[in-house]
Amino acid sequence: MTNKKPPSRKNGLINEATTLSAQGKDKQALELIERHLNKTPDDPSALNLAGTLAARMENWTQAEKYFSQSLSLNAQNPYALYTLAKIFKLTDRPGEAVHLLTQLITLEPRNVPALNEIGVLMTEQGHVEAGQKALKTALEIDPSFEMAYRNLYTTLYFSGQYEEAVLIVKNAIDHIKTDYRWNFRTDLILCLYQSRAFVEAKQAAESLIEELEKTNDPAHQEALVGAINNYGLILMELGNPEKAEIQYNKVIAIDPTRIDPYINLARLNGYRENFEEAIK
């Protein structure tokens, strides 16, 4: 017969807190962890859990306190570095977030979530080239990391790098299996349009619209109306305003609150010199 040691009170409290947290009872879970920390303030796992619970309740001051204490015990704690950086980002302290993420990437050069986060922050701070490099590195390591595709596409598109954005979106379409792939396909149409690859853009738009209309899934409505609206823009560029007008009216029929098709119809009527209709 084997003698088993009873679980320690410490482990019991942490396990109980973890169970409560899984049930959505974060406040009660944090109270248990704080009771434990009153007696054992230098327990890194308890500090990390307390910080996580406080962050989930958006108590950023308390979360920062616990993760800072955790890092004072071990400055190379990857979880504490990453989560505290996220807290700094959420509380509008991007410089401090970048500092922690830089430390983390020095420790773990292949940490894809950290590379993604620092890429976004550096781009927002005006270091576009460095930010894009971090996002590209994240995708080289993990070609299926969706958020890095989304973030890299955004920075490429808004910096006017449309041809490179096309390549990134095509890679995303090849690797991403979530429902966001429909958004990537809409993005591809827009990037091709901006690159003036109108024939390829038209083919991409027609293919996507056909597929989305067949599925008739309300969850894909945003992607569908975006594709139809962009299809209208492409038809205008290809010299077919009559068909473009049909597309804009289709978008309005699906979603009368969307602004884009009204603007595009006004431009189309301006092109026809039908200014009264454009004003209307």
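All values derive from a computational prediction rather than experimental measurement. (Residues numbered from 1 in each chain as written. Predicted model: local features only at pLDDT ≥ 70, side-chain atom pairs only at ≥ 80, totals over all residues. Heavy atoms only, no water.)

Visitor: What should I look at first to understand the overall build of the protein chain in this one?
Guide: Looking only at helices and strands, the protein chain has 16 helices and zero strands in total. For a compact globule of 280 residues, the expected C-alpha radius of gyration is about 19 Å, and the protein chain comes in at 25 Å, more than 25% above that figure. The principal-axis extent of the C-alpha atoms belonging to the protein chain is close to 85 × 45 × 35 Å. Every one of the 280 residues in the protein chain was classed for burial, and the buried ones make up 42%. Carbon and sulfur atoms provide 52% of the accessible area of the protein chain, an area that totals close to 15500 Å². (Helix = DSSP H or I, 4+ residues; strand = E, 2+ residues; numbered from the N terminus. Rg over C-alpha atoms; globule rule 2.2 N^0.38 Å. Buried < 20%, exposed > 50% of the residue type's maximum accessible area, 1.4 Å probe, protein only. Areas by Shrake-Rupley, 256 points an atom, 1.4 Å probe, with all protein chains shown as cover.)

Visitor: Just to check I follow, could you spell out helix 3 (residues 44–56) for this structure?
Guide: Residue pairs three or four apart in sequence face the same way in an α-helix, which turns once every 3.6 residues. Over its 13 residues, helix 3 extends 18 Å from the first C-alpha to the last, a length consistent with the 18 Å expected when each residue adds 1.5 Å. Among all positions in helix 3, only Ala-46, Leu-47, Asn-48, Ala-50, Gly-51, Thr-52, Leu-53, Ala-54 and Ala-55 are buried. (Expected span 1.5 Å × (residues − 1).)

Visitor: Is there a simple way to think about the environment of Arg-185 in this case?
Guide: Relative to the helices and strands, Arg-185 is located in helix 11 (residues 181–194). Spatially, the C-alpha atom of Arg-185 lies 8.1 Å from that of Lys-170, the residues being 15 residues apart in sequence. Every residue in contact with Arg-185, bar those within four places of it in the chain, is listed here: Ile-173, Ser-207, Leu-208 and Glu-211. In this structure the side chain of Arg-185 is engaged in a polar contact, spanning 3.4 Å, whose partner is the side chain of Ser-207. (Contact = heavy atoms within 4.5 Å. Polar contact = N/O pair within 3.5 Å; in protein donor to acceptor, adjacent residues only side chain to side chain.)

Visitor: So what exactly am I meant to see when it comes to the nonpolar core here?
Guide: Nonpolar side chains tend toward joint burial in soluble globular proteins. Ile-33, Leu-37, Leu-84, Ile-118, Tyr-149, Ile-189 and Ile-234 are the most contacted members of the largest nonpolar core, which totals 82 residues. Ranked by the residues each element gives to this core, the list is headed by helix 13 (residues 221–237), at nine residues. (Core = buried A, V, L, I, M, F, W, Y, C linked by side-chain atoms within 4.5 Å.)

Visitor: Just to check I follow, could you spell out the confidence of the model for the protein chain for this structure?
Guide: Caution applies to low-pLDDT parts of the model: their predicted coordinates are not meant to be read in detail. In this model, the protein chain carries an average pLDDT of 92, and 96% of its residues clear a pLDDT of 70 or more. Low pLDDT (under 50) marks residues 1–9, which in the prediction has one contact with non-local residues, meaning those over four places away or in another chain. (pLDDT = per-residue confidence, 0-100.)

Visitor: Looking at this structure, how should I read the packing of aromatic side chains?
Guide: One pass over the full model with this rule turns up seven aromatic pairs. Relative to Phe-184, the ring of Tyr-180 has its centre 4.9 Å away and its plane inclined at 80°; by these criteria the two rings are edge-to-face. Given a relative accessible area of 23%, Tyr-180 falls into the partly exposed group. Within the aromatic cluster, the residues linked to one another by ring pairs are Tyr-153, Tyr-157, Phe-158 and Tyr-162. (Phe/Tyr/Trp six-rings, centres within 6.5 Å; stacked < 30°, edge-to-face > 60°.)

Visitor: Any chance you could explain the pattern of salt bridges here in plain terms?
Guide: Oppositely charged side chains can form a pair if their charged atoms are brought close together. Within the structure shown, the criterion is met by 17 salt bridges. Lys-86 is paired through a salt bridge with Glu-117; the nearest N and O atoms lie 3.0 Å apart. Placement of Lys-86 in helix 5 (residues 78–90) and of Glu-117 in helix 7 (residues 112–124) is noted, with a sequence separation of 31 residues between them. Note on Lys-86: relative accessible area 30%, which makes it partly exposed. Between Arg-258 and Glu-222 there is a salt bridge; the shortest N-O distance is 3.0 Å. Taken together, the residues Arg-258 in the loop between helix 14 (241–254) and helix 15 (260–271) and Glu-222 in helix 13 connect sequence positions 36 residues apart. (Salt bridge = Lys/Arg side-chain N within 4 Å of Asp/Glu carboxyl O.)

Visitor: In this structure, what is going on with unusual backbone geometry? I would like to understand it.
Guide: Excluding glycine, a negative phi dihedral is what most residues carry, and trans is how most peptide bonds are arranged. Unusually for a residue other than glycine, Arg-196 sits at a positive phi of about 65°. Here Arg-196 shows up in the loop between helix 11 and helix 12 (198–215). We classify Arg-196 as exposed; its relative accessible area is 56%. In this model, Asn-216 sits at a positive phi of 50°, which is unusual for a non-glycine residue. Residue placement: Asn-216 occurs in the loop between helix 12 and helix 13. You can call Asn-216 exposed: its relative accessible area is 64%.

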